[in-house]
Each structure stands twice: as structure tokens, then as C-alpha cells.
Amino acid sequence: MMRVELTVNGERRADDVEPRLLLVHYLREVCGLRAANIGCDTTSCGACTVLLNGESVKSCTVLAAQASGQEVVTAEGLAPAGELHPVQQAFRAEHGLQCGFCTPGMVMAAVGLLRENPCPTEQQVREGLEGNLCRCTGYHNIVRAVLAAAGRAAGSPPGDNTAGVSRRSSSEVTA
Ligand code: FES
Ligand code: FES
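Rules and cut-offs
Residue numbers run consecutively from 1 along every chain, following the written order of its sequence. Lettering of chains starts at A and numbering of ligands starts at 1, both following the order in which they are written. Owing to the predicted nature of the model, reporting of local features is limited to residues with pLDDT of at least 70; listing and counting of side-chain atom pairs is limited to 80 or more, with chain, interface and lining totals taken over all residues. As a rule here, side-chain values come from all non-hydrogen atoms in the structure, and water together with hydrogens is ignored. The helix count covers DSSP runs of H or I at least four residues long, the strand count covers runs of E at least two residues long, and both are numbered beginning at the N terminus. Burial status follows relative accessibility: with a 1.4 Å probe on protein chains alone, a residue under 20% of its type maximum counts as buried, one over 50% as exposed, and anything between as partly exposed. Contact between two residues is taken to exist if any of their heavy atoms lie within 4.5 Å; hydrogens are not considered. Computed by Shrake-Rupley with a 1.4 Å probe, the accessible areas treat only the displayed protein chains as cover when residues are assessed. Only strands that DSSP links by at least two bridges are regarded as paired with each other. Axis geometry follows a simple rule: fit a line to the C-alpha atoms, using only the stretch in contact for helices, then measure angles between N-to-C directions, giving values from 0 to 180 degrees.

Explain the overall build of the protein to me, please; I cannot follow it from the model alone.
Check the secondary structure of the protein and you find six helices and five strands. Listing every helix and strand of the protein by position from the N terminus yields β-β-α-β-β-β-α-α-α-α-α. Looking at the 175 residues of the protein, the share that counts as buried comes to 46%. The contacts in the protein between residues at least 6 apart in sequence include a share of 53% that link residues at least 24 apart. Counting only carbon and sulfur atoms, one obtains 48% of the accessible surface of the protein, whose full area is about 8,600 Å².

Got a minute to help me understand the pairing of strand 4 (residues 55-58) in this structure?
Side-chain positions along a regular strand alternate between the two faces of the sheet. As paired strands, strand 3 (residues 49-52) and strand 4 are joined by four bridges and run antiparallel to one another. Bridge assignment links T49 to a residue of strand 4, and that residue is K58. Between strand 3 and the antiparallel strand that follows it, strand 4, lie two residues; N53 among them carries a positive phi value of about 50°.

It is not clear to me how the sheet that holds strand 5 (residues 71-73) should be interpreted in this structure. Could you clarify?
Sheet strands pair by backbone hydrogen bonding; their relative direction is either parallel or antiparallel. Spatially, five strands are ordered 2-1-5-3-4 in an open sheet, and the strand pairing comes out mixed. With one partner strand each, in any of the chains shown, strand 2 (11-17) and strand 4 form the two edges of the open sheet. Across the sheet, the axes of successive neighbouring strands diverge by a mean angle of 40°, strand direction being ignored. Where helix 3 (residues 103-116) meets the sheet, its contacts fall on strand 3, strand 4 and strand 5, and the angle it forms with strand 3 comes to roughly 40°.

Geometric values such as these leave the question of function open.
What follows is the structure, given as C-alpha cells:
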């Protein structure tokens, strides 16, 4: 066993874990946070995506020990209890989910994407989310949701925010 110290959703914690414990298992089994799902064993589905120091990562590709000393945010920690982050609101408004299995990872990937690029084009959203698989939606409404969260509509040219379904500012999205 070894001691890891992480900040998870704003809470500092210290836990003794097996050196080989994956971050996704740490979050689910040690922290009791079940939003990050395990959808594959090939690091290909993205259902386990979380933010590590603000960047989206597949938490099945990181050891808890590697994340020691760092800050992790899961979908549970995106917004205060009982509230939704603007990206979560946009997924709901744009029907960006069906079964919901991919959704926490998809939302975290979208939050990471919008932090890097607050006003992406539709193509940039599609490329940014290509590491996250969804077997239900056909992706169209997911892309719409991310563009809506960024204040842009699908098909609008770069710099055109006027056709966006949402009028949220990018700073609100990335807050
Ligand atoms: S569980 Fe599929 S990429 Fe992590
Ligand atoms: S909503 Fe079912 S896998 Fe994406």
C-alpha cells in the first residue's frame, strides 16, 4: 500500500491504496464517486473521463499514485449540489443523452474542450470529442449541446455567436 493525497471535487483527501490502483477505481471505490464510468478495457470509450488539473483525461489510463498531489474534478463536482454546470444544462436542453452511460465522461471532455477553446467550430467539437464514444445518440445532439454551451449553433461560421441556441458567455461555461 502507498499513501496518495489528492484534491477531489475541492476536497483534500489522503488514502492508502495499492500502487497499481487506477484513478477510475480510486474515484469509484475509494471516494464513492460513480459518475466516471468504466465502459471498456482498451482505453477507447472515454466514459471514465475526468478533469486532472483542469485537463480532461481518461481516468482508466492514470494510476491513482500518478495523480497524487493533483486536483481531480468529476461530473459530481462540476456544480454545487442541486445545480447543473452550463455544459450539463446544455446537454439536457439539447437532448444530448439517451441512456446516459457516456454522458458524465462526455460532459467532462466537453468542459475540458471549452476550457482550451471557448468558441470551437462544429468540426473542432467533433474532433475534440472523438475519444468519447456514444452508442445511442449518433453524436448530433451532443455536438449541438457543446456548441450551445459555447454560445454557437451548428453550422455557424467561426466568430458568429449570434445564431447560438444559448447566450451563455464562454467565461460562464468555463467558470
Ligand atoms: S473506461 Fe473506456 S476509456 Fe476509460
Ligand atoms: S447516451 Fe447512451 S452511450 Fe451515450
